[in-house]
Every structure is written in structure tokens, then in C-alpha cells.
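What follows is the residue order along each chain.
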Amino acid sequence: MNIVLLGAPGAGKGTQASLLEESFHLVHISTGDIFRANIKEGTPIGKIAKSYIDAGKLVPDEVTCDIVKDRLSKEDVKGGFMLDGFPRNTFQAEQLDRFAHIDLCVNIDVDLSLLMDRICGRRVCSCGESYHVSTLNGATTCKKCGKELYRRDDDNPETVQKRLDTYFKETAPLVEYYANAGKLFTVTSGKQPPKAVYDKIAKELVRRGRSKK
Ligand code: AMP
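Residues numbered from 1 in each chain as written. Predicted model: local features only at pLDDT ≥ 70, side-chain atom pairs only at ≥ 80, totals over all residues. Heavy atoms only, no water.

Visitor: Mind laying out the overall build of the protein, listing which residues take part and the relevant values?
Guide: Each helix and strand in the protein was counted, giving ten helices and seven strands. Its C-alpha atoms give the protein a radius of gyration of 16 Å, within 12% of the compact-globule value 17 Å for 213 residues. By its C-alpha atoms, the protein is 40 × 40 × 35 Å across when sized along the principal axes. Going through the 213 residues of the protein one by one, you find that 47% of them count as buried. Looking at the protein alone, contacts between residues at least 24 apart form 72% of all its contacts between residues at least 6 apart. (Helix = DSSP H or I, 4+ residues; strand = E, 2+ residues; numbered from the N terminus. Rg over C-alpha atoms; globule rule 2.2 N^0.38 Å. Buried < 20%, exposed > 50% of the residue type's maximum accessible area, 1.4 Å probe, protein only. Contact = heavy atoms within 4.5 Å.)

Visitor: Can you explain the packing of helix α6 (residues 112–120) against helix α8 (residues 157–171)? Please cite residues and give values.
Guide: Each pair of packed helices can be described by the angle between their axes along with the distance between the axes. Look at α6 against α8: their axes get within 10 Å of each other, and the N-to-C directions meet at 135°. Here α8 runs oblique to α6, going by the angle between their axes. Seen from above, α6 lies across α8 with right-handed handedness. Of the residues in α8, those touching α6 at Leu-112, Leu-115, Met-116, Ile-119 and Cys-120 are Pro-157, Val-160, Gln-161, Arg-163, Leu-164 and Phe-168. When the residues that make up the contact of α6 with α8 are grouped by side-chain class, the tally is nine nonpolar, one polar and one charged. (Axes fitted to C-alpha atoms, helices over the stretch in contact; angles between N-to-C directions. Parallel < 35°, antiparallel > 145°, perpendicular 65-115°, else oblique. Left-handed = near helix turned anticlockwise from the far one by under 90°. Nonpolar A, V, L, I, M, F, W, Y, C, P; charged D, E, K, R; others polar.)

Visitor: Could you give an account of the pairing of strand β1 (residues 2–6), with specific residues and numbers?
Guide: For β1, the buried fraction is high: five of the five residues fall into the buried class. What you see with β1 is no split at all: Asn-2, Val-4 and Leu-6 on one side and Ile-3 and Leu-5 on the other are buried throughout. Pairing geometry for β1 and strand β3 (residues 81–84), over four bridges, is parallel. What sits directly across from Leu-5, in β3, is Asp-84. Two strands pair when backbone bridges link them, and β1 and strand β4 (residues 104–109) are joined in this way by four bridges, in the parallel orientation. Each bridged residue has a counterpart across the sheet, and for Leu-5 the counterpart in β4 is Val-106. (Pairing = 2+ DSSP bridges.)

If you want it as C-alpha cells, here you go:
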């Protein structure tokens, strides 16, 4: 089963992907993580991506689609994957339909008023885990792997506002795109804990025939 995770920045796509990866045989592919790894390594792709990411804009489609196409050609995704952060506009969704088959789009719907606080209070680990300062009780290291947590450069109020604007203008229309394709499953996150949201998504995956590990 191949899944697209859709949702505004801060909706919890990464958190849900981690939970789903643990319990279903699905490979988690985050374009944001791929770009951040390229930036860290100083690759040509990283150099292009950085200026767009810092400005809260989308990295050009050509670069992004090539990265995803290449990643999806690898053997490990053959048993199913979850795309987190891709596609982010209609052009990318159309391109994706050309080089992969998507079975389901899980749309995580969350109240706009919660997003700014969620993202600005986010602390992440290079292992992929993410936390909110309000639940860390002053801890500065990852509970899963022990590494130092950090705040993403683009998780500041000014860039977050731009990312949200970009989301509503360019990415939100994909809800209709996948609804029209008969592939949309929307889960309302609200203030529910991640596990409650996960339970709903997991139930839907099982209902559609995906078995747990
Ligand atoms: P994320 O980690 O998904 O929040 O992505 C962080 C940033 O990476 C975004 O704000 C964009 O600048 C860039 N990015 C991630 N995925 C895409 C994509 N599919 N298309 C264009 N830019 C992307």
C-alpha cells in the first residue's frame, strides 16, 4: 500500500509516519528530511534547497520530483511507502501519478489556531523524533536515542507564517485532488494525543486490507 500523508505544517504528519512505520511495513519518505540531510552535507541540492526553505517557499518542482522519483525506484519501497511532505502542489501530484501508484491519501486536518504554537514549540532529533517543549519538562535530549534536540531553522514565527500561507495556497487544493480520485481519508487531529489520531488511521489501513507487522 502506497500512501500520501497530507496536512499543514505542524499537523503531525511526521509523528504519524513514525508511528505507522513502527506498526505497518511502510517506508517513511520525508522530502523535508531529504532536503535537510542534503543541506547538512553541503550537496548541490542542499545549496539550492536552503534558500527556499529559509524563505518558507517550496523548493522548485523539478528538483523535488527528481528526488522522489529516484527514491521510489529503490528496492526497499516495493512493499509500500508513506510520502510525508510530497506532493505539495497539483503539479507534483500529477507527476507522482506518472511514476508511482498511490492507493490512499491520509489528510490530517488540524485547527489553524493550534499550528503556530505547535511548530514554534517543536524540538526535533536527527533520528526523526519530534517533541513539544511543553512535554519535555526541561529535557534537551531525545527520549528514543539520547541525542541532543534542536529547533529547526524554519520553525520561527516569521517563516512559519510563510509556510502556512504556502500550504493554503498551493497544497490545500490537493484535498480535492485526492477526493476526486476517490482516495481521500480525512482524520481530524484537533487536540487529541497523537496515539488517538494514529488509532483512526491504523483502523482505516486495516479496513483497506493492510496488515500490521
Ligand atoms: P517539511 O519538513 O515537510 O516541513 O519541509 C520543510 C521545507 O522543505 C518546506 O517548507 C519546503 O521549503 C521544502 N519542501 C519539503 N517538501 C517539499 C516539496 N514536496 N516541494 C517543495 N518543497 C518542499
